[in-house]
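Structure assessment
Chain by chain, the residues run as shown.
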2 protein chains.
Amino acid sequence: MKDPRFDIIDVRAGIEEENERYAREVRSYCRTHGLFLINLMGSPGAGKTTLLVRIIDALKAEYRVGVIEADVDADVDARTAADRGALAVQLHTGGSCHMDAAMTLRGLEALEKDAPEVVILENVGNLVCPAEFDVGADLKLMILSVPEGDDKPLKYPLMFTVSECLLINKTDTAPVFDFDFTRLEKNVQALNETAPIFPVSGKTGEGFDAFILWLKERIHEGHRTE
Amino acid sequence: MKDPRFDIIDVRAGIEEENERYAREVRSYCRTHGLFLINLMGSPGAGKTTLLVRIIDALKAEYRVGVIEADVDADVDARTAADRGALAVQLHTGGSCHMDAAMTLRGLEALEKDAPEVVILENVGNLVCPAEFDVGADLKLMILSVPEGDDKPLKYPLMFTVSECLLINKTDTAPVFDFDFTRLEKNVQALNETAPIFPVSGKTGEGFDAFILWLKERIHEGHRTE
């Protein structure tokens, strides 16, 4: 029941609508340009850049791969991506806690001259805000690392709800951190029944083949339906 | 040196400029309406609402006090403020991680009919994003609670740099948490030489008198210079 002593105002509506409008524009851009866009999200230190390098290496024989790096003010990650032969653009978010669809569109346009077929957007390291902003990607890919703990779905439910694929990184450290994969799976599935979960180790490479196989199938489907 | 393999694009500039424009509008609004605006920031659970109630109680004999509550979708805090006799408005930020100046202006306009003389904006519980968005307040007030640890200035430097007054809450729990006030002060002063630090206990009320005395002086000065 409305308390007559104060008003309730929804200040977010305008921002959300504008972001949704840009997300539709990103989707339409991707269809027009035959491009599969991946939104890669995770905490700082979860291993996003390591994973990125592995994806570039696995795809570059088959596709022109582009990378949009979002960072406060560094360009380390764009440099890493360029070193692996990917087309890259570095977006300076000036301290912003997430990428939105309008920023993503600018990144895609900056890569346009090289006509990438797969673009990976490495989002800002944050489990809260990136989950709230749909950038218009074909795949929301989340990476959680073992040291962060198997209880993270309880603390950041939205991120685990919106993600369409979950990588559990640094599996080699599981014994040290008392990380329980069964508990993690239970916590994830309570929020998200469809996202596959792949345990991987960025260090040893273990588990990546299964993920890459799945990813290639998704990209293939995405390009086919364009 | 610019790496020729990729572009660097500053996607945040537009957002920052727009926020600064609104922050100027908020400042001008406060001057025109004889209003002192406090931006209250801190982690979830730091004790922002308890502090808010104590500020309302200390000021309400002297000033008409208004409260802008920013929350994902609840109205508990606006209800608490209204219970203490404050004019209140609840802003639903729909999951946004911070208040910006445009949202603040909408909150002020919603309170305008009751002509408040002091308005406290209770920002979203977050130590990162609120620090980056100037809402145009006369005073940036930060609350850190003892259980969060004395190392927080090292992890969230911007918040401690921009704050103009720091309350250390839950001092009654210091022995349990091995919180070192000297270390905290050293960490804060490396970032911010001017902000006073007041240790308080929301539970026992200890330390609040000194803070309220300082706050009343600041509000008095603020109103005098209008």
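Look up a bit, the structure's there.
Residues numbered from 1 in each chain as written. Chains lettered and ligands numbered in written order. Predicted model: local features only at pLDDT ≥ 70, side-chain atom pairs only at ≥ 80, totals over all residues. Heavy atoms only, no water.

Here the focus is the pattern of salt bridges. Under the criterion given, the structure shown has 18 salt bridges over all chains. Linking B:D83 and A:R5 is a salt bridge whose minimum nitrogen-to-oxygen distance equals 2.8 Å. Remark: A:R5 occurs in the segment before strand 1 (6–10) and B:D83 occurs in helix 3 (residues 76–83); the pair is interchain, linking two chains. A residue is classified by how much of its surface remains accessible, and A:R5, at 40% relative accessible area, is partly exposed. Measuring nitrogen to oxygen at the nearest pair gives 3.3 Å for the salt bridge that ties A:D57 to A:K60. The exposure class assigned to A:D57 is partly exposed, which follows from its relative accessible area of 31%. Judged by its relative accessible area of 42%, A:K60 falls in the partly exposed class. When salt bridges with common partners are traced through the structure, they connect A:D57, A:K60 and A:R84 into a single cluster. (Salt bridge = Lys/Arg side-chain N within 4 Å of Asp/Glu carboxyl O. Helix = DSSP H or I, 4+ residues; strand = E, 2+ residues; numbered from the N terminus. Buried < 20%, exposed > 50% of the residue type's maximum accessible area, 1.4 Å probe, protein only.)

With that out of the way, let us pick up the interface of chain A and chain B. Every contact between the two is made by 34 residues of chain A and, on the other side, 34 residues of chain B. On inspection of chain A and its partner chain B, the count reaches 2 salt bridges. Between chain A and chain B we count 2 residue pairs in polar contact (both at pLDDT 80 or more) in total. If you list the elements that add at least two residues to the side of chain A that touches chain B, you get strand 1, helix 1 (13–32), helix 3 (76–83), strand 4 (87–92), helix 4 (101–111) and helix 5 (129–132) of chain A. When the residues that make up the side of chain A that touches chain B are grouped by side-chain class, the tally is 15 nonpolar, 6 polar and 13 charged. As paired elements, strand 1 of chain A and strand 4 (residues 87–92) of chain B share 5 bridges and run parallel to each other. Along strand 4 of chain B, the bridge assignment pairs A:F6 with B:A88. (Contact = heavy atoms within 4.5 Å. Polar contact = N/O pair within 3.5 Å; in protein donor to acceptor, adjacent residues only side chain to side chain. Nonpolar A, V, L, I, M, F, W, Y, C, P; charged D, E, K, R; others polar. Pairing = 2+ DSSP bridges.)

All names here are of chain A. Positive phi values are uncommon outside glycine, yet K170 reaches one of about 60 degrees. In this structure, K170 sits in the loop between strand 7 (165–169) and helix 8 (174–177). Positive phi outside glycine occurs at D178, with the angle close to 55 degrees. Tracing the backbone through its elements, the reader meets D178 in the loop between helix 8 and helix 9 (181–191). Take D178: its relative accessible area is 62%, and that puts it in the exposed class.

Let us now look at the pairing of strand 4 of chain A. Residues and elements named next belong to chain A. Extensive coverage of strand 4 is indicated by the burial of 5 of its 6 residues. With 6 bridges connecting them, strand 3 (residues 65–71) and strand 4 associate as parallel partners. Bridging across to strand 4, G66 finds its partner in L87.

Bringing the relation of the copies chain A and chain B into the picture now. Rotating chain A by 180 degrees about the axis while translating it 0.0 Å along that axis superimposes it on chain B, leaving an RMSD of 0.1 Å. Expressed as an axis order, the relation between the two copies is that of a two-fold axis. Taking C-alpha positions as the reference, the residue of chain A nearest the rotation axis is A:C97, at 4.3 Å. (Least-squares fit on C-alpha atoms with pLDDT ≥ 70 in both.)

What follows concerns the sheet that holds strand 3 of chain A. By way of backbone hydrogen bonds, the strands of a sheet pair with one another, either parallel or antiparallel. Pairing is parallel across the open sheet formed by 8 strands, whose spatial order is 8(A)-7(A)-6(A)-2(A)-5(A)-3(A)-4(A)-1(B). The open sheet is flanked by strand 8 (197–199) of chain A together with strand 1 (6–10) of chain B, the only strands paired with a single partner. Adjacent strand axes in the sheet meet at a mean angle of 20 degrees when their direction is disregarded. In this fold helix 4 of chain A packs onto strand 2 (36–42), strand 3, strand 4 and strand 5 (118–122) of chain A together with strand 1 of chain B, with an angle of close to 145 degrees to the strand it touches most, strand 4 of chain A. (Axes fitted to C-alpha atoms, helices over the stretch in contact; angles between N-to-C directions.)

Counting across every chain of the model gives 8 aromatic pairs over all chains. Relative to B:W214, the ring of B:F211 has its centre 6.5 Å away and its plane inclined at 25 degrees; by these criteria the two rings are stacked. On the criterion of helical spacing, the pair formed by B:F211 and B:W214 is a turn pair, its members being 3 residues apart in helix 10 (residues 208–224). Of the residues examined, B:F211 reaches a relative accessible area of 0% and is grouped as buried. Here the guanidinium or amino end of A:R21 rests over the ring plane of A:Y22, the centre of that ring lying 4.9 Å away. (Phe/Tyr/Trp six-rings, centres within 6.5 Å; stacked < 30°, edge-to-face > 60°. Lys NZ or Arg CZ within 6 Å of the ring centre and 35° of its normal.)

Further remarks concern the packing of helix 2 (residues 48–59) of chain B against helix 3 of chain B. Residues and elements named next belong to chain B. Here helix 2 crosses helix 3 at 20 degrees, and the two axes come no closer than 10 Å. When the axes of helix 2 and helix 3 are compared, the pair comes out roughly parallel. In this structure, the crossing between helix 2 and helix 3 has a hand that is right-handed. Touching T49, L52, V53 and I56 of helix 2 are D77, T80 and A81, all from helix 3. (Parallel < 35°, antiparallel > 145°, perpendicular 65-115°, else oblique. Left-handed = near helix turned anticlockwise from the far one by under 90°.)

Considered for burial, the residues of helix 3 of chain B that qualify are B:D77, B:A78, B:A81 and B:A82. Projected onto a plane normal to the axis of helix 3 of chain B, the buried residues spread over an arc of 140 degrees and lie on a single side. Those residues of helix 3 of chain B that are exposed and angled more than 90 degrees off the buried face are B:V76 and B:D83. On its buried face, helix 3 of chain B sits against strand 1 of chain A together with helix 2, strand 3 (65–71), strand 4 and strand 5 (118–122) of chain B. Where helix 3 of chain B terminates, the next one or two residues include B:G85, which has phi positive at roughly 90 degrees. (Arc of directions from axis to C-beta.)

Read across the open sheet, the 8 strands follow the order 1(A)-4(B)-3(B)-5(B)-2(B)-6(B)-7(B)-8(B); overall the sheet is parallel. Looking at which strands have only one partner, the edges of the open sheet turn out to be strand 1 of chain A together with strand 8 (197–199) of chain B. Taken over all neighbouring pairs, the strand axes of this sheet differ in orientation by 20 degrees on average, direction set aside. In terms of strand pairing, strand 3 of chain B meets strand 5 of chain B through 5 bridges, oriented parallel. Its bridge partner being in strand 5 of chain B, B:E69 is matched across the sheet by B:E122.

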